[in-house]
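# An overview of the molecular structure
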Protein chains: 2
Amino acid sequence: MENAMLPFPAREQVPTLVANAIKPIQKEEKQMEKSPLEISEPQMIKPTISEFSGVDTDAHLENVIASFLGTINHRRYRFLGYPTNQDFNYEALVQLLRFFLNNLGDPFIGSSFSLNSHPFELCVLDWFAKLWEIEKNEYWGYVTNGGTEGNFHGILIGRELLPDGILYTSRGSHYSVLKAARLFRINCVVVGTLISGEIDYNELKASILENKDKPAIINLNLGTLTKGGIDDVDLVLQILEECGFGEDRFYIHCDAALFGLMLPFLNGAPKITFKKPIGSVTVSGHKFLGCPIPCSIIITRLKYIDLLSKEVEYISSRDITISGSRGGHASIFLWYALNKKGFNGLQKEVEECNNKAIYLHNCLRGQGIGSMLNNFSNTVVFERPLDDAFSHKWSLSNEGNLSHVIVMQHVSVKMLDSFVSEFAKNRSIWYKDNSSKKPPCICEEIGAKNCACLIHKKLISF
Amino acid sequence: MENAMLPFPAREQVPTLVANAIKPIQKEEKQMEKSPLEISEPQMIKPTISEFSGVDTDAHLENVIASFLGTINHRRYRFLGYPTNQDFNYEALVQLLRFFLNNLGDPFIGSSFSLNSHPFELCVLDWFAKLWEIEKNEYWGYVTNGGTEGNFHGILIGRELLPDGILYTSRGSHYSVLKAARLFRINCVVVGTLISGEIDYNELKASILENKDKPAIINLNLGTLTKGGIDDVDLVLQILEECGFGEDRFYIHCDAALFGLMLPFLNGAPKITFKKPIGSVTVSGHKFLGCPIPCSIIITRLKYIDLLSKEVEYISSRDITISGSRGGHASIFLWYALNKKGFNGLQKEVEECNNKAIYLHNCLRGQGIGSMLNNFSNTVVFERPLDDAFSHKWSLSNEGNLSHVIVMQHVSVKMLDSFVSEFAKNRSIWYKDNSSKKPPCICEEIGAKNCACLIHKKLISF
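Residues numbered from 1 in each chain as written. Chains lettered and ligands numbered in written order. Predicted model: local features only at pLDDT ≥ 70, side-chain atom pairs only at ≥ 80, totals over all residues. Heavy atoms only, no water.

This is how the line gets drawn: UniProt positions are given in the numbering used here, feature names are shortened, and annotations may be inferred rather than shown by experiment.
Per an unreviewed UniProt entry, chain A goes by the name Histidine decarboxylase and belongs to Acacia crassicarpa. Quoted straight from UniProt, the Sequence similarities (unreviewed entry) entry for chain A says "Belongs to the group II decarboxylase family."

Written out as structure tokens, the structure is:
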């Protein structure tokens, strides 16, 4: 119990529980002597459903689960491309799995669904409101069923406040932002990005001026998924002022899915604060904090909520959330993790991730592989590996010519070493001297000084 | 392990695990000698979050969790008003809580997020496709983050296929249907209901004829949340034909949140089948089947999906779901429960629930309390209790003059007996002879023959 939040048991070893789980598979056991990074992915038993349950049901289920645990544990040791912390332990909460908990409706009002965890949810919301500097009696929020719902809710408040508003967002935005525009029938202008991944401020200004007769709903990324670029809130506010937009003619939603819990713990980093005239901020629970099920926290200003609210008697609560039924476990997981880590633990984790990101950045460049790393970011950007099988093995999520590693808590130095050495080795085969293939030039995406194509390679400095 | 899916350990006793959990609270232990239905709700420790974690963190967390378990276990014994099965056991899957599993994107295509449970999801989808009679190569679907998302997705497909369509739905619909109309900016016509809760077919026909120039997106309830009324799909199809609507001018979404997994196991019940020209069906995973976290299954026709689809490179998958990131645990829970129960187990549970609903219906009438129970339904409808504290104690969800009990697997005969006797006892106090208060007349809502107001009471037959 007291070790529960320590790093996932000996990261380079297979956790005992999982190791036990995969015992039935004889072949795997022998491989366990090797480092988890050396063994090949175990074959997974395909799950099926029999029409009728019978005497062999339990044994079948047990085998399938054990096999699946072996597979995902294997993959976790190579899981580099996504911003989800895979290093947590909520076993102390296992008994809660006996209940379907539903926080439906407005957490501040409660509902007649008595199997809820609203007290935990409120506690978590208060914590984030304080973190992002908004008074307890001035904010409203809830814990959603996922990251997309956080963005949906923020953008929807914008639309309800400014029904004919145009949504501005950068090309570097999470796909849920464009999805919101489509689903909610909002006109949307996609603005280009700077090399850092930040929104192109000049283009944003030009677009706003072009549509000066319409209010502006602006999604800002703190920071972007692909590059960890952090849109400058102050600069955007200045642009709005220069364009003649008063506070009644714009709404700013901040998508802080990953960094919402990182920036507040980094000295000198841009502040996420409601002291500026922003409308809403969202952060995912399953990203930096770590949670087995998807969830996000959305915080907005209480004064906006009446415009969205509508009495729905059935649940004895205001129907102001998107999901209606919302899982109650997520709030308890979040409450638990925030308590276990504390400010000190969170700060330590943020620093460790960012330091390992710097380490990876340097290792890649040391191997002659161009790489970019923004300030305050744990997202290391580099050229897309030529071979998709390699990307697949390391769970890289590629976009165009780019790939990235997002250094989360479960990513160890040993994993990074193994990744870099395999990447460099493969790369020397993909692009060997007599090959017609050359490393892609990505100077437009990450800047000439970071690019390692044949033309720009000489510019890389260490 | 082999008892895992048996009824929640001795329903009238406190489960051992939970009993252990509440050991720290001395007072409660003495009360345990009484039946759980007799004791009063334990005081819950208010959760807090300390800024800094320290030596006393673990003890605090342990106490709060134990206290919370005591509270929700207490409430579970009085949990009558909502259609969520609270009788399940997924402890065999506890090790999966070590991972954040994400089934993002299209389950049929997969994604580069390698920590997913897509194989389980596909298995569950195939099972429901077969249940609702659509060929494997003709359907598409996914497991959502909640019930609302199932309705949202079905209605959205309708909107994408028929962009200027009008949404028709009855007053008895789940609030998520009206919410979809508002969020997705769809014009909506709310049609009245019959006493059974079914849509008023004459009014529907008149409304469709009034808007003959616009295509029809129709939400049908199989059945309604409040009354368990089942809209007649065949009759609605006939109306559409009579109004001159060909299959290219209507889209029918079926909200089968609870009954989607019940009707197929009841002899003589209306069939849910894609052999009829319906567009989509959704069922909740946390309702009849039982699941600790909210989820639903949506099944639709594959041919429709291209119209909604859009390539999103980041996740190497089609961006065709609403949520994007979708929890992977739900699919494994569903797969597990379907295997454990089998057709035989499901059928037995459906019959037991419906028989207990008949039992409750008769008990209420036996006490002179008017009550309505539709065919094939486990939802017993009756007058709203005068005292909200009584409703609160039994987690009743009231609407206007009506209340209901939805008899799920965790609802025992002993619970029902206790409920009815307390209701009758309280009622005799609320409406005693010299009181100015009289039982409400609800003949308009449940029919004269079911009403127990002073005027209609004599009509009740047993």
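### A short note on the interface of chain A and chain B
We apply this condition: Two residues form a contact once any of their heavy atoms are found within 4.5 Å. As used here, buried area is the combined drop in accessible area, with a 1.4 Å probe, of two parts when they are placed together. In what follows, salt bridge is the name for a side-chain nitrogen of Lys or Arg lying within 4 Å of a carboxyl oxygen of Asp or Glu. For the purposes of this entry, the term helix denotes a DSSP run of H or I that reaches at least four residues, the term strand denotes a run of E that reaches at least two, and both are numbered from the N terminus. Lys, Arg, Asp and Glu make up the charged group, whereas Ala, Val, Leu, Ile, Met, Phe, Trp, Tyr, Cys and Pro make up the nonpolar group; the residues left over, Gly among them, are polar.
Opposite the 114 residues of chain A that make contact, chain B presents 114 residues. Summing the contributions of chain A and of chain B, the shared interface buries around 10800 Å²; its carbon and sulfur component is 62%. Seen at the junction of chain A and chain B, the total is eight salt bridges. For E160 of chain B, the salt bridge goes to R182 of chain A, with nearest N and O atoms at 3.0 Å. Within the residue set of the side of chain A that touches chain B, elements represented by two or more residues are α1 (16-21), α3 (57-76), α4 (118-131), α5 (147-161), α6 (175-183), α9 (302-308) and α10 (329-366) of chain A. Of the residues in the side of chain A that touches chain B, the class split is 60 nonpolar, 32 polar and 22 charged.

### Comments concerning the relation of the copies chain A and chain B
Rules: Superposition of the copies was done by least squares, using only C-alpha atoms of residues whose pLDDT is at least 70 in both.
Once chain A is rotated about the relating axis by 180° and shifted along it by 0.0 Å, it coincides with chain B to within an RMSD of 0.0 Å. On the angle and the small slide along the axis, the relation comes out as a two-fold axis. Closest to the rotation axis within chain A is the C-alpha of F184 of chain A, separated from it by 2.4 Å.

### Structural notes on the sheet that holds strand β3 (residues 188-191) of chain B
Residue and element names in this part refer to chain B. To keep things clear, this is the line we draw: For two strands to count as paired, DSSP must find a minimum of two bridges between them. Here, axes are lines fitted to C-alpha atoms. For helices the fit covers the stretch in contact, and angles between N-to-C directions go from 0 to 180 degrees.
Taking strand neighbours across the sheet as the criterion, the seven strands line up as β1-β7-β6-β5-β4-β2-β3 in an open arrangement whose pairing is mixed. The sheet terminates laterally at β1 (139-143) and β3, the two strands that pair on one side only. Here the average twist between neighbouring strands, direction ignored, is 15°. Bridge analysis of strand β5 (residues 250-255) against strand β6 (residues 280-284) gives three bridges, and the strand direction is parallel. Counterpart to H253 in the pairing with β6 is S280.

### Examining empty space enclosed by the protein
The criterion, for reference: Each cavity reported here is a set of points on a 1 Å grid over the protein atoms alone in which a 1.4 Å probe fits but cannot get out, each pocket an open set with protein on both sides within 12 Å along at least five of seven lines, and each lining residue one with an atom within 4 Å of a point. Grid points are joined across faces, edges and corners, and a volume is the space filled by probe spheres set on the points.
Taken as a whole and assessed by the stated rule, the structure comprises 13 cavities of 30 Å³ or more. In this model, the largest cavity occupies a volume close to 190 Å³. Taken together, 19 residues line the largest cavity, and the ones lying closest to its centre are E149, I322 and S323 of chain A together with I322 and S323 of chain B. Contributing elements (two or more residues each) for the lining of the largest cavity: α5 of chain A together with α5 (147-161) of chain B. For the lining of the largest cavity, the element with the highest residue contribution is α5 of chain A, accounting for four residues. Residues of the lining of the largest cavity, tallied by class, amount to seven nonpolar, 10 polar and two charged.

### Remarks on the UniProt feature "modified residue: N6-(pyridoxal phosphate)lysine" (unreviewed entry) in chain A
The feature "modified residue: N6-(pyridoxal phosphate)lysine" (unreviewed entry), as given by UniProt, occupies K287 of chain A in the numbering adopted here. Not counting the four nearest positions on each side in its chain, K287 of chain A is found in contact with P83, T84, N85, A257, L258 and M408 of chain A.

### Quick look at the packing of helix α7 (residues 201-210) of chain B against helix α8 (residues 233-242) of chain B
All names here are of chain B. As a reminder of what qualifies: Under this scheme an angle from 65 to 115 degrees is roughly perpendicular, one under 35 degrees roughly parallel, and one over 145 degrees roughly antiparallel; angles in between are oblique. Should the near helix be turned counterclockwise from the far one by less than a right angle, the crossing is left-handed, whereas a clockwise turn marks it as right-handed.
Packing of α7 against α8 leaves a shortest axis separation of 10 Å and a crossing angle of 30°. Accordingly, the angle class assigned to the pair α7 and α8 is roughly parallel. The handedness of the crossing between α7 and α8 is right-handed. On α8, the residues touching Y201, L204, K205 and I208 of α7 are L235, V236, I239, L240 and E242. For the contact of α7 with α8, the residue count by class is seven nonpolar, no polar and two charged.

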